[in-house]
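Examining the three-dimensional arrangement
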Amino acid sequence: MRHLFGLVLFLTASAAWADASGKWIGIAGLGPSKIAQTMDSDALLKLQMSKAFLKSLRYEVELKRDGTFVAIVNGADIERRKSSGIWKEKSGVLTLTTTNDNGVKLTRRMTAKLDPKGKKWMVVVPSKPGLPVTKLVFSKYVPPATTPVVPAGTTKKPGTAKPTRV
């Protein structure tokens, strides 16, 4: 009986991680750094500019059900980048292997932790010693609500208008 309970618990937990597919939107930020305390004003200004630049970037990733992904990075001061590859998820660890980056074939692997509810995942990008790490936090894309359109020739609220005969 204990084994059956363990199996049910395992299958339930696996189901919670089961579907990371879909569209994700990400933002980047710099983590805390001990080095900032010892920086001069020019270096601190550069660090603040780096933080502002990272916040201006928009990351979009679509994890397709067939195990492939497409990622796009947009920003005010950079050229749009598009990469693609394969992905897999196991026990809350998401692995993305990039095979094409802006038309250049390569192999680059990155891992991320998926939260148990499947609503966020985070990648930590290492940095030079003493400098802050870059954290990419992705959230499941939720399309914006659409406003109902009032048919032409009516003045009533959406849903209450009767069709106009022509």
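Summary of the structure given here.

Reading guide: rules and limits
- Residues numbered from 1 in each chain as written.
- Predicted model: local features only at pLDDT ≥ 70, side-chain atom pairs only at ≥ 80, totals over all residues.
- Heavy atoms only, no water.
- Helix = DSSP H or I, 4+ residues; strand = E, 2+ residues; numbered from the N terminus.
- Buried < 20%, exposed > 50% of the residue type's maximum accessible area, 1.4 Å probe, protein only.
- Contact = heavy atoms within 4.5 Å.
- Polar contact = N/O pair within 3.5 Å; in protein donor to acceptor, adjacent residues only side chain to side chain.
- Salt bridge = Lys/Arg side-chain N within 4 Å of Asp/Glu carboxyl O.
- Pairing = 2+ DSSP bridges.
- Core = buried A, V, L, I, M, F, W, Y, C linked by side-chain atoms within 4.5 Å.
- Phe/Tyr/Trp six-rings, centres within 6.5 Å; stacked < 30°, edge-to-face > 60°.
- 1 Å grid on protein atoms, 1.4 Å probe; cavity = no way out; pocket = protein on both sides within 12 Å on 5 of 7 lines; lining within 4 Å.
- Points joined across faces, edges and corners; volume = space filled by probe spheres on them.
- Nonpolar A, V, L, I, M, F, W, Y, C, P; charged D, E, K, R; others polar.

1. A word on the environment of Asp-19
Within the element layout of this structure, Asp-19 appears in the loop between α1 (2-17) and β1 (22-30). Owing to a relative accessible area of 39%, Asp-19 belongs among the partly exposed residues under this scheme. Placed 70 residues apart in sequence, Asp-19 and Glu-89 show a C-alpha to C-alpha distance of 8.6 Å. Discounting residues that sit within four places of it in the chain, Asp-19 has contacts with Arg-65 and Lys-140. Reaching out from Asp-19, the side chain makes a polar contact with the side chain of Ser-21 at a distance of 2.4 Å. Side-chain polar atoms of Asp-19 contact the side chain of Arg-65, separated by 3.3 Å.

2. Observations concerning the pattern of salt bridges
This structure, assessed with the given rule, holds four salt bridges. The shortest N-O distance in the salt bridge between Arg-108 and Asp-101 comes to 3.6 Å. Overlapping salt bridges, with partners in common, bring together Arg-81, Asp-101 and Arg-108 in one network.

3. Quick notes on the pairing of β1
As paired elements, β1 and strand β2 (residues 58-63) share five bridges and run antiparallel to each other. In the strand pairing of β2, Gly-26 is matched with Tyr-59.

4. Focus: the environment of Val-70
Locating Val-70 in the fold gives a position in strand β3 (residues 68-75). Remark: the alpha-carbon pair of Val-70 and Trp-87, spanning 17 residues in sequence, is separated by 10.0 Å. Residues contacting Val-70, with those up to four places away along its chain left out, are Glu-60, Val-61, Glu-62, Lys-64, Lys-82, Ser-83 and Ser-84.

5. Details of the nonpolar core
Across soluble globular proteins, nonpolar side chains have a tendency to be buried as a group. Membership of the largest hydrophobic core comes to 20 residues, with the highest contact counts inside it found for Val-61, Leu-63, Leu-94, Leu-96 and Trp-121. Residue assignment for this core shows that the elements contributing at least two residues are β1, β2, β3, β5 (93-101), β6 (104-114), β7 (120-125) and β8 (134-140). When neighbours within four sequence positions are excluded, Val-61 is seen to be in contact with Gly-22, Lys-23, Trp-24, Phe-69, Val-70, Ala-71, Leu-96, Trp-121 and Phe-138.

6. Section: the packing of aromatic side chains
Centre-to-centre distance and the angle between the planes together describe a pair of aromatic rings. Taken as a whole and assessed by the stated rule, the structure comprises three aromatic pairs. Relative to Phe-138, the ring of Trp-121 lies with its centre 4.1 Å away and its plane at 15°, an arrangement referred to as stacked. Of this pair, Trp-121 sits in strand β7 while Phe-138 sits in strand β8, and the two are 17 residues apart along the sequence. Across this residue pair, the class does not change: Trp-121 and Phe-138 are buried.

7. Examining the side chain of Thr-98
Summarising the element assignment, Thr-98 is placed in strand β5. Setting aside anything within four residues of it in sequence, one finds Thr-98 in contact with Phe-69, Ser-83, Ser-84, Gly-85, Leu-106, Thr-107 and Arg-108.

8. Some remarks on the layout of surface pockets
Taken as a whole, the largest pocket encloses approximately 510 Å³ of empty space. Along the walls of the largest pocket sit 23 residues, with Tyr-59, Val-73, Arg-108, Met-110 and Leu-136 positioned nearest its centre. Elements supplying a minimum of two residues to the lining of the largest pocket: β2, β3, β4 (78-90), β5, β6, β7 and β8. With four residues, the single largest contributor to the lining of the largest pocket is β3. Looking at side-chain class alone, the lining of the largest pocket contains 14 nonpolar, three polar and six charged residues. Roughly 170 Å³ of volume is contained in the second largest pocket. Residue lining of the second largest pocket: Lys-23, Trp-24, Ile-25, Arg-58, Glu-60, Val-61, Glu-62, Val-70, Ala-71, Ile-72 and Tyr-141, and that is the complete set. It is β2 that contributes the most residues to the lining of the second largest pocket, four residues altogether. Counted by class, the lining of the second largest pocket contains seven nonpolar, no polar and four charged residues.

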